[in-house]
Amino acid sequence: GESVGLHLPTLSVQEGDNSIINCAYSNSASDYFIWYKQESGKGPQFIIDIRSNMDKRQGQRVTVLLNKTVKHLSLQIAATQPGDSAVYFCAENNAGNMLTFGGGTRLMVKP
Amino acid sequence: EAQVTQNPRYLITVTGKKLTVTCSQNMNHEYMSWYRQDPGLGLRQIYYSMNVEVTDKGDVPEGYKVSRKEKRNFPLILESPSPNQTSLYFCASSSRWRGQQETQYFGPGTRLLVL
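Reading the values: the criteria
Residues numbered from 1 in each chain as written. Chains lettered and ligands numbered in written order. Predicted model: local features only at pLDDT ≥ 70, side-chain atom pairs only at ≥ 80, totals over all residues. Heavy atoms only, no water. Pairing = 2+ DSSP bridges. Helix = DSSP H or I, 4+ residues; strand = E, 2+ residues; numbered from the N terminus. Axes fitted to C-alpha atoms, helices over the stretch in contact; angles between N-to-C directions. Contact = heavy atoms within 4.5 Å. Buried area = accessible area lost by both parts, 1.4 Å probe. Salt bridge = Lys/Arg side-chain N within 4 Å of Asp/Glu carboxyl O. Nonpolar A, V, L, I, M, F, W, Y, C, P; charged D, E, K, R; others polar. Disulfide = S-S within 2.5 Å. Buried < 20%, exposed > 50% of the residue type's maximum accessible area, 1.4 Å probe, protein only.

Caption draft 1: Structural context of the sheet that holds strand E7 (residues 72–77) of chain A. Residues and elements named next belong to chain A. Pairing within the open sheet is antiparallel, and its four strands lie in the order E2-E7-E6-E5. What marks the edges here is a single partner per strand, and that holds for strand E2 (19–24) and strand E5 (56–58). On average, each strand axis in the sheet is inclined to that of its neighbour by 15 degrees, with strand direction left out of account. Where E2 and E7 come together, six bridges link them in antiparallel fashion.

Right, here's the structure in full:
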């Protein structure tokens, strides 16, 4: 598959456990945030987003938390499954026309 | 099926030989964008387009050109490729809503090797 990153932070979890992936963003003016999942050999895939007027948003098995005070974003995955193994990116948008991506975190799920 | 397609998926070329990577989306999205992805550097935006005939530079536009003559297509042009443009390239598109960008849908990627 495609090499996404050689020195990515890696989170290793046991199947069935909850995963928490963290992201620090840089621009205090950013008002829209997205989490993407990228599997080997594929393009990034949208997971969940959140706007700055919220501090929590839930999807199916995923929750995003936003702490604007410390410019921190987290993605929580409940009951992590082997199919969740991938690289996860956060991205921020400052109401302009560009998205800025974080460096990514590799999630490895042990069966 | 809603999708973003890129061609070719893999390309090996030599320094200086002009090439074009095509991108097409069937979702009637106004916004399209090109990214390159490199180990340790993540995804970096090359160019984006807000709509037909409207394009703007991203973070790393040097050595690249784009055009947006039709809404569905957004080709990436390397007039004179160099080895430092060896990378994995992604095209993405999104609609716009209330003036704010909606989530981007990514193509499958194009792996480019410039010798």
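Caption draft 2: Here's a closer look at the interface of chain B and chain A. Contact residues are listed per partner, giving 28 residues for chain B and 23 residues for chain A. When chain B packs against chain A, the two sides together hide about 2,100 Å² of surface, and 48% of this comes from carbon and sulfur. Applying the counting rule to chain B against chain A returns zero salt bridges. Among the secondary structure elements, those contributing two or more residues to the side of chain B that touches chain A are strand E4 (31–38), strand E5 (42–51), strand E9 (87–94), strand E10 (96–97) and strand E11 (100–101) of chain B. Residue classes in the side of chain B that touches chain A are distributed as 12 nonpolar, nine polar and seven charged.

Caption draft 3: Broad picture of the sheet that holds strand E7 (residues 65–66) of chain B. Residue and element names in this part refer to chain B. Taken together, the four strands give an open sheet; going across it, the order is E1-E3-E8-E7, and neighbouring strands pair in antiparallel fashion. The outermost strands of the open sheet, each flanked by one partner alone, are strand E1 (4–7) and E7. As judged from the four bridges shared by E1 and strand E3 (residues 19–25), these two strands associate in the antiparallel manner. If you follow Asn7 over to E3, its bridge partner there is Thr22.

Caption draft 4: Summary view of the state of the cysteines. Under the defined criterion, the tally for this structure stands at two disulfides over all chains. The residue that forms a disulfide with Cys23 of chain A is Cys90 of chain A, at a sulfur-sulfur distance of 1.6 Å. Of this pair, Cys23 of chain A sits in strand E2 while Cys90 of chain A sits in strand E8 (residues 86–93), placing them 67 residues apart in sequence. Under the relative-accessibility criterion, Cys90 of chain A is labelled buried at 8%. Here Cys23 of chain B is linked by a disulfide to Cys91 of chain B, with a sulfur-sulfur distance of 1.8 Å. The sign of the S-S torsion, about -75 degrees, decides the handedness of the disulfide formed by Cys23 of chain B and Cys91 of chain B: left-handed. One end of the pair, Cys23 of chain B, is in strand E3; the other, Cys91 of chain B, is in strand E9, with 68 residues separating them in the sequence. You'll find Cys23 of chain B and Cys91 of chain B in the same group, each marked buried.

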